[in-house]
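The lines below spell out each chain.
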Amino acid sequence: MTNRIELSISERFPFAGGHEFGAVGAYERLVGRAHFAVDPHPPAQQGITDIEKAPVDAEGLVHFTGDFSILKPADPARCNRRIFFDYGNRGNKRMLQFFNDAPGSNDRGPRRTPETAF
């Protein structure tokens with residue numbers, strides 16, 4: 001059975017006010033929800049507590065969602081095609097704070113509606 005993931009982007013806006021970072025240039029921030037559908041039976045899923053008790057759809061998949069925030073170069077041609085991944089711990093976003101000595105903050109930056117996002 002195939003697992004599925006779908007990303008729904010709800011906000012898109014310049015990161016750090018469009019500040020340029022070295023050769024890569026400016027970044028943009030994408031914020032949204034990831035929608036997952038997974039087969040609860042493979043061995044890889046057995047470490048998930050009570051997954052066998054979760055409701056399944058007609059295809060036998062368990063559905064769940066999670067928030068995401070992505071920083072990506074505004075101009076993909078200037079990037080090095082690498083990903084620096086961080087996961088939230090109890091909702092805290094720490095990557096920039098620890099990697100770049102930035103002040104600690106969970107502030108997502110200026111909020112944009114889909115109508116005003118570029």
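Residues numbered from 1 in each chain as written. Predicted model: local features only at pLDDT ≥ 70, side-chain atom pairs only at ≥ 80, totals over all residues. Heavy atoms only, no water.

A look at the overall build of the protein
Line of reasoning, step 1. Helix and strand counts for the protein stand at one helix and three strands.
Line of reasoning, step 2. In the protein, the succession of α and β elements from N to C terminus is β-β-β-α.
Line of reasoning, step 3. Looking at the protein as a whole, 19% of its 118 residues are labelled buried.
Line of reasoning, step 4. Of all intrachain contacts in the protein linking residues separated by at least 6 positions in sequence, the fraction that spans at least 24 positions is 64%. (Helix = DSSP H or I, 4+ residues; strand = E, 2+ residues; numbered from the N terminus. Buried < 20%, exposed > 50% of the residue type's maximum accessible area, 1.4 Å probe, protein only. Contact = heavy atoms within 4.5 Å.)

Section: the pairing of strand β2 (residues 27-38)
Line of reasoning, step 1. As judged from the ten bridges shared by strand β1 (residues 4-14) and β2, these two strands associate in the antiparallel manner. The residue bridging phenylalanine 13 from the neighbouring strand is arginine 29, located in β2.
Line of reasoning, step 2. The pairing of β2 with strand β3 (residues 62-73) spans twelve bridges and is antiparallel. Bridging across to β3, arginine 29 finds its partner in leucine 71. (Pairing = 2+ DSSP bridges.)

Some details on unusual backbone geometry
Glycine aside, negative phi is the norm for most residues, and most peptide bonds take the trans geometry.
Line of reasoning, step 1. With a phi close to 55°, alanine 16 is a non-glycine residue in the positive phi region.
Line of reasoning, step 2. Its location among the elements puts alanine 16 in the loop between β1 and β2.
Line of reasoning, step 3. Classification of alanine 16 by relative accessible area gives partly exposed; the value is 42%.
Line of reasoning, step 4. One non-glycine residue, arginine 81, adopts positive backbone phi at about 60°.
Line of reasoning, step 5. Within the fold, arginine 81 resides in the loop between β3 and α1 (95-100).

A look at the sheet that holds β3
Line of reasoning, step 1. As summarised here, the arrangement of the three strands in space is β1-β2-β3, forming an open sheet in which the pairing is antiparallel. Whereas interior strands pair on both sides, the edge strands pair on one side only; in this sheet they are β1 and β3. When strand polarity is set aside, the average angle formed by the axes of neighbouring strands in this sheet is 20°. (Axes fitted to C-alpha atoms, helices over the stretch in contact; angles between N-to-C directions.)

Observations concerning the side chain of arginine 29
Line of reasoning, step 1. Of note, arginine 29 is situated in strand β2.
Line of reasoning, step 2. Polar side-chain contacts of arginine 29 include one of 2.8 Å to the side chain of serine 69. (Polar contact = N/O pair within 3.5 Å; in protein donor to acceptor, adjacent residues only side chain to side chain.)

Quick look at the side chain of glutamate 28
Line of reasoning, step 1. Mapped onto the elements, glutamate 28 comes out in strand β2.
Line of reasoning, step 2. At a separation of 2.8 Å, a polar atom in the side chain of glutamate 28 contacts the side chain of arginine 12.

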